[in-house]
Structure formats: structure tokens, C-alpha cells
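# Examination of the molecular architecture
The residues making up each chain are set out below.
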Amino acid sequence: MSAHIKSIHSYPVKGLSAENLDQVDVLKDALFPDDRRFAIAHGSTEFPDGPTWLAKNTL
């Protein structure tokens, strides 16, 4: 069985438009590079120690 990838996209900022990719290196057991690396926080989001990575369940 073989497969052909016609197009591939990344969403660097969750909720915004996709970015078309010409190529990407994907590694086994790794996350898709830079996909959803950033998100836009609501104005009411509090950052007790300044802006930093927050798990989704902490918002």
C-alpha cells in the first residue's frame, strides 16, 4: 500500500488561517513541527508569573 500527500498545512496560531507548506520533516513519535505553537488568550486571562506556556485545562 502506498500513499500520496497532495497538500499539507500547519496552523501555527490556533484558530487562525492555515499556512501552506511546501515540505515538512515529520519524525516518528514527534509532534507536527510548529503546529498550534501559539494561541490567542482572552483579555481576561491571568498570567501569575508573566506570559508563559499554559496547558489548555488551566485557562
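Summarised in this report is the structure supplied together with it. Position numbers for residues count from 1 along each chain, tracking the sequence in the order it is written. Thresholds applied to this predicted model are a pLDDT of at least 70 for local features of residues and 80 or more for the giving and counting of side-chain atom pairs; totals over whole chains, interfaces and linings are not thresholded and use all residues. Computation of side-chain values covers all heavy atoms of the structure but excludes hydrogens and water.

## Let's talk about the overall build of the protein chain
Each helix and strand counted, the protein chain has zero helices and two strands in total. Contacts are residue-level and defined by heavy atoms, with any inter-residue pair within 4.5 Å sufficient. A separation threshold of at least 6 residues defines the contact pool for the protein chain, and within that pool the share at least 24 residues apart is 33%. Accessible surface computed for the protein chain: about 6,000 Å², of which carbon and sulfur atoms make up 53%. In this text, helices come from DSSP runs of H or I with a minimum length of four residues, and strands from runs of E with a minimum of two, each type numbered from the N-terminal end. Exposure was quantified through the Shrake-Rupley algorithm and a 1.4 Å probe, taking into account, for residues, occlusion by the shown protein chains and nothing else.

## Section: unusual backbone geometry
The phi torsion at Asp29 lies on the positive side, around 60°, for a residue other than glycine. With respect to the secondary-structure elements, Asp29 resides in the segment after β2 (19–21).

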